[in-house]
Amino acid sequence: RETLKAIVYPRLEILDSLSGVDSLVYSNESNRNPEELDVLVREYVPGDDIRNINWKVSAHLGKPYVRGRIGTQTQSIGIIMDSCRYYPDPEEFLPLENKILEVSIAITHYYLSKGISASIQTFEGAPKKYILQGVSSFEDFYSAMAEFSFRPDNSLANLFEGVRHSDVTSSNLV
């Protein structure tokens, strides 16, 4: 008797929109210069642009504070994907696992098609992070998801511990 290996690709849903999410995705944290991010406040130093004074913090602390700015803003989305098998019976675990894969793939494709990079963190015996930077990287991610395995020992505790630490194995898919 010969053993056959079958790879079943998850259903791919192409989304036109994510109701109520678009306004959050495209909003800027700062209206002053959308290319710069507000990061921290620091005490005002003579010569600082007074347009950068954070009036709420200044009023609260009793002296002027300005917004510190660093870096440029790039849009991205992060997805934390559960990979734990919760039920022993395939009739129970398959629908849930299929839905987790389909939703993660659909959301990832949606944002990549809008030019927004994505990182997907999961646990596959060890913490794993997929970094996608464009629609061209989607096919490799989609193929990886076809090979993805849900397991009882892929606990949420392990997943969140991996997300919390920076030593996550990354797969850059560009």
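The structure contained in this document is the topic of the report that follows. (Residues numbered from 1 in each chain as written. Predicted model: local features only at pLDDT ≥ 70, side-chain atom pairs only at ≥ 80, totals over all residues. Heavy atoms only, no water.)

1. A few points about the environment of asparagine 158
Along the polypeptide, asparagine 158 turns up in helix 5 (residues 156–164). Taking C-alpha positions, asparagine 158 is 7.1 Å from phenylalanine 123, a pair spaced 35 residues apart along the chain. Those residues within four positions of asparagine 158 in sequence are excluded, and the remaining contacts are Phe123 and Asp153. For asparagine 158, the side chain forms a polar contact with the main-chain oxygen of aspartate 153, separated by 3.3 Å. (Helix = DSSP H or I, 4+ residues; strand = E, 2+ residues; numbered from the N terminus. Contact = heavy atoms within 4.5 Å. Polar contact = N/O pair within 3.5 Å; in protein donor to acceptor, adjacent residues only side chain to side chain.)

2. Side note on the packing of helix 3 (residues 90–113) against helix 4 (residues 138–146)
Two elements in contact, helix 3 and helix 4, have axes separated by 11 Å at closest approach and are oriented at 175 degrees. Relative to helix 4, the element helix 3 lies roughly antiparallel. Together, Leu101, Ile105, Thr108, His109 and Leu112 of helix 3 and Phe138, Phe141, Tyr142 and Met145 of helix 4 make up the contact between the two elements. The class makeup of the residues in the contact of helix 3 with helix 4 is 7 nonpolar, 2 polar and no charged. (Axes fitted to C-alpha atoms, helices over the stretch in contact; angles between N-to-C directions. Parallel < 35°, antiparallel > 145°, perpendicular 65-115°, else oblique. Nonpolar A, V, L, I, M, F, W, Y, C, P; charged D, E, K, R; others polar.)

3. Looking at the pairing of strand 4 (residues 117–123)
By the criterion of burial, strand 4 is predominantly enclosed, with 6 of the 7 residues buried. As defined by bridge partners, strand 3 (residues 76–80) adjoins strand 4 across 5 bridges and the pair is classed as parallel. Counted as the bridge partner of isoleucine 80 is glutamine 121 from strand 4. At this point the chain moves from strand 3, through helix 3, to the parallel strand 4, and the crossover so formed is right-handed. When strand 4 meets strand 5 (residues 127–132), the two strands line up antiparallel, connected through 6 bridges. Pairing of glutamine 121 across the sheet is with lysine 129, part of strand 5. Taking the residues between adjacent antiparallel strands as the criterion, strand 4 and strand 5 are bridged by 3 residues, where glycine 125 takes a positive phi near 80 degrees. (Buried < 20%, exposed > 50% of the residue type's maximum accessible area, 1.4 Å probe, protein only. Pairing = 2+ DSSP bridges. Right-handed = clockwise from strand over helix to strand, strands pointing away.)

4. With respect to helix 4
Taken together, the buried positions of helix 4 are occupied by Phe138, Phe141, Tyr142, Met145 and Ala146. All buried residues of helix 4 fall inside an arc of 145 degrees around its axis, so they share one side. (Arc of directions from axis to C-beta.)

5. Regarding the pattern of salt bridges
Taken as a whole and judged by the stated rule, the model has 7 salt bridges. Notably, a salt bridge pairs lysine 63 with glutamate 43, separated by 3.8 Å at the nearest N-O pair. One end of the pair, lysine 63, is in the loop between helix 2 (55–61) and strand 2 (65–72); the other, glutamate 43, is in strand 1 (residues 36–43), with 20 residues separating them in the sequence. Accessibility expressed as a relative area gives 39% for lysine 63, which makes it partly exposed. Aspartate 153 is paired through a salt bridge with arginine 151; the nearest N and O atoms lie 2.9 Å apart. The exposure class assigned to aspartate 153 is partly exposed, which follows from its relative accessible area of 45%. (Salt bridge = Lys/Arg side-chain N within 4 Å of Asp/Glu carboxyl O.)

6. Remarks on a nonpolar patch on the surface
Taken together, the side chains of Ile80, Tyr86, Tyr87, Leu96, Leu156 and Phe160 present a nonpolar region at the surface, about 540 Å² in accessible area. Relative to the helices and strands, isoleucine 80 is located in strand 3. (Patch = residues over 30% accessible without salt bridge, like charges linked within 9 Å, V, L, I, M, F, W, Y side chains within 5 Å. Areas by Shrake-Rupley, 256 points an atom, 1.4 Å probe, with all protein chains shown as cover.)

7. Notes on the side chain of asparagine 54
For asparagine 54, the position within the fold is in the loop between strand 1 and helix 2. Polar contacts involving the side chain of asparagine 54 include one to the main-chain amide nitrogen of lysine 56, which spans 3.3 Å. Filtering out sequence-adjacent residues up to four positions away, asparagine 54 remains in contact with Val41, Tyr65, Val66 and Arg67.

8. Focus: the nonpolar core
Of all hydrophobic cores here, the largest spans 21 residues; its most connected members are Met81, Ile120, Phe141 and Met145. Contributing elements (two or more residues each) for this core: strand 3, helix 3, strand 4, strand 5 and helix 4. The leading source of residues in this core is helix 3, at 6 residues. Once residues lying within four places of it in the same chain are set aside, the contact partners of methionine 81 are Ile100, Leu101, Ser104, Ile120, Gln121, Thr122, Met145, Phe148 and Leu159. (Core = buried A, V, L, I, M, F, W, Y, C linked by side-chain atoms within 4.5 Å.)

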